[in-house]
Amino acid sequence: MVPELEKPTVRILRPERVLGIIRAIKEQGSSKLQVISDFDMTLSRFGCNGRRCPTSHNILDNSRVVSEDGKKKLKDLLHYYYPIEIDPNRTLEEKRPLMVEWWTRAHDLLSQQKIQKGDIAQIVRESDVMLRDGFNELFDQLYKYNVPIFIFSAGIGDVLEEIIRQANVFYSNVNVVSNYMDFDDSGVLKCFKGPLIHTYNKNNSVLQGTEYFQQLSGRTSIILLGDSMGDLTMADGVPSVENILKIGFLNDKVEERRGKYLDSYDIVLESDETLDVVNGILRYIL
Ligand code: TMP
Ligand code: MG
């Protein structure tokens, strides 16, 4: 059915159930399908040649527009909060206020750097960001079959939009909800627009007023792509879900987190920098 599911990076707890969901989504057809995806470390790569790739925040942090002092403070925040973000032994309730703290402090620091709106394209061009192998096929297939893709990101919307624009895949079926920058009249960053989206509030609570999922209420088949335990709630605002296939990229601390990922995601992709499995499933369905 889907030969890519035989890749050694693929782990599935209940293979029969997964095949059943894929078959059901195919039966419903492309007019009932929508894709909901995280961005950082899901559509973008986690690593390349043993080196980490940047998140949309890191792209700014590492760029020439942030002072040395700002860089150090942002790095200190990352080293303190990232282990908390991915810690399988802490509850979401414990993590949530700490994530609000991280995002708030990082956004405050970035907002002090006088970042110019007009510099973002160049900053992205000069960064080490990479989309996962196969991103072209993913976006092209979804566009060709009129399947909407909703990118739900706790990263920085202005930066991630520029990444997909530069990759030439920002098609009309791509919609983004994320943290957007607020610039003053002279185009200098002054703050971030609300509501704040962090790893563990990616649910309906931050989509109030967007009406996005209501407009797509006929699309009851969902393919959800994420890399964090916080991404599992991204489809909670969909009014009626008939079939949902959750695909999780397990990038970091694979051994410690495998159990939780296998329990929550239908398909777990371990240290797989490609979109092969997603594309293989779509090729079968569409
Ligand atoms: P997302 O992948 O759920 O959209 O979340 C964005 C990622 O950004 C999350 O894994 C943590 C990361 N991040 C940074 O790298 N630097 C930062 O300053 C902040 C606030 C988040
Ligand atoms: Mg992510």
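What you are looking at is a predicted structure, and each value in this text was computed from that prediction instead of being measured. Residue numbers here run from 1 along each chain, matching the order of that chain's written sequence. By the order in which they are written, chains take letters starting at A while ligands take numbers starting at 1. Residues qualify for local features only when their pLDDT is at least 70, as the model is predicted, and side-chain atom pairs are given and counted only at 80 or more; totals for whole chains, interfaces and linings, by contrast, use all residues. Hydrogens and water are ignored here; the side-chain numbers use all heavy atoms of the structure.

**A word on the site of ligand 1**
- Looking at ligand 1, there are 15 residues lining it, with Asp 38, Thr 55, Glu 85, Ala 154 and Lys 202 nearest.
- The definition of a polar contact used here is a pair of N or O atoms within 3.5 Å, where within protein one atom must be able to donate a hydrogen and the other to accept one, and adjacent residues in sequence count solely through side-chain atom pairs. Between ligand 1 and the protein, one listed contact pairs an oxygen atom with a side-chain N or O atom of Thr 55 at 2.8 Å.
- Measuring from an oxygen atom of ligand 1, one finds a backbone N or O atom of Ala 154 at 2.8 Å.
- For ligand 1, whose free accessible area comes to 480 Å², the fraction covered by protein is 96%.
- For the purposes of this entry, the term helix denotes a DSSP run of H or I that reaches at least four residues, the term strand denotes a run of E that reaches at least two, and both are numbered from the N terminus. Breaking the shell around ligand 1 down by element, the ones donating at least two residues are α2 (56–61), α3 (68–86), α4 (92–111) and β5 (149–156). For this purpose, a residue is taken to be near a molecule or strand whenever a single non-hydrogen atom of the residue falls within 4 Å of it. For every accessible area listed, the method is Shrake-Rupley and the probe measures 1.4 Å; residues are considered covered only by the protein chains on display.

**Comments concerning the coordination of the magnesium ion (ligand 2)**
- On the protein side, the magnesium ion (ligand 2) has Asp 38 (OD), Asp 40 (O) and Asp 227 (OD) as donor atoms, found 2.1 to 2.2 Å from it.
- A donor here means any N, O or S atom no more than 2.8 Å from the metal (3.2 Å for Na, K and Ca); water is not included, so a site may seem to lack partners. Mapped onto the polypeptide sequence, the residues donating to the magnesium ion (ligand 2) form the spacing pattern D-x1-D-x186-D.

**Some words on the sheet that holds strand β9 (residues 221–226)**
- A sheet is described by the order of its strands in space; here 7 strands give the open sequence β1-β11-β10-β9-β2-β5-β6, paired in mixed fashion. Each edge of the open sheet is held by one strand with a lone partner, namely β1 (10–11) and β6 (174–179).
- Here a strand pair is declared whenever DSSP counts at least two bridges between the two strands. Summarising the sheet, β9 and strand β10 (residues 243–250) pair through 6 bridges and their orientation is parallel. Of the residues in β10, the one forming a bridge with Ile 223 is Leu 245.

**So, the nonpolar core**
- Formed by 94 residues in total, the largest nonpolar core has its most connected members in Phe 139, Ile 151, Ile 223 and Ile 281.
- A total of 7 residues in this core trace back to one element, the largest contributor, which is α4.
- We call two residues in contact whenever any of their non-hydrogen atoms come within 4.5 Å of each other. When sequence neighbours within four positions are dropped, the list of residues in contact with Ile 223 reads Ile 25, Leu 33, Gln 34, Val 35, Ile 36, Leu 245, Ile 247, Ile 281, Leu 282 and Ile 285. Working definition of a nonpolar core: buried Ala, Val, Leu, Ile, Met, Phe, Trp, Tyr and Cys residues. They are joined through side-chain atoms within 4.5 Å. Exposure is judged per residue with a 1.4 Å probe applied to protein chains only, and the accessible area is read against the type maximum: over 50% gives exposed, under 20% gives buried, and values in between give partly exposed.

**Structural notes on α3**
- The end-to-end C-alpha distance of α3 is 27 Å, a good match for the 27 Å that 19 residues give at a rise of 1.5 Å each.
- Bend angle per residue: angle between axes fitted to the 7 residues ending at that residue and the 7 residues starting there. Of all the bends found along α3, the most pronounced is centred on Tyr 80 and spans about 30°, while Pro 83, a proline, follows it within four residues.
- Listed in full, the buried residues belonging to α3 are Gly 70, Leu 74, Leu 77, Tyr 81, Tyr 82, Ile 84, Glu 85 and Ile 86.
- Contacts from the buried residues of α3 go to β4 (51–52), α2, α4 and α9 (254–264). To estimate the expected span of a helix, count its residues, drop one, and scale the result by 1.5 Å.

**Here we look at helix α6 (residues 135–144)**
- Restricting attention to buried positions, one finds in α6 the residues Phe 135, Leu 138, Phe 139, Gln 141 and Leu 142. Looking straight down α6, one finds that the buried residues subtend no more than 165° of arc, so they occupy a single side.
- Buried residues belonging to α6 abut β2 (33–37), β5, α7 (157–166), β6 and α10 (276–285).
- Count one or two residues on from α6 and you reach Asn 146, which has phi positive near 60°. Note: the arc covers the axis-to-C-beta directions of the helix.

**Some points on the packing of α6 against α10**
- Interaxial angle, 0 to 180 degrees, is taken between N-to-C directions of lines fitted to C-alpha atoms, where a helix line uses only the stretch in contact. Running from N to C, α6 and α10 point in directions that differ by 25°, and their axes come no closer than 9 Å. As the angle between them shows, α6 and α10 are arranged roughly parallel. Regarding α6 and α10, the two cross each other, and that crossing is left-handed. Of the residues in α10, those in contact with Glu 137, Leu 138, Gln 141 and Leu 142 of α6 are Val 278, Asn 279, Leu 282 and Arg 283.
- Its residues placed into classes, the contact of α6 with α10 shows 4 nonpolar, 2 polar and 2 charged. Here the word oblique covers every angle except those under 35 degrees (roughly parallel), over 145 (roughly antiparallel) and from 65 to 115 (roughly perpendicular). Crossing handedness: left-handed means the near helix sits turned counterclockwise from the far one by under a right angle, and right-handed means the same turn made clockwise. Note on residue classes: Ala, Val, Leu, Ile, Met, Phe, Trp, Tyr, Cys and Pro are nonpolar, Asp, Glu, Lys and Arg are charged, and everything else, Gly too, is polar.

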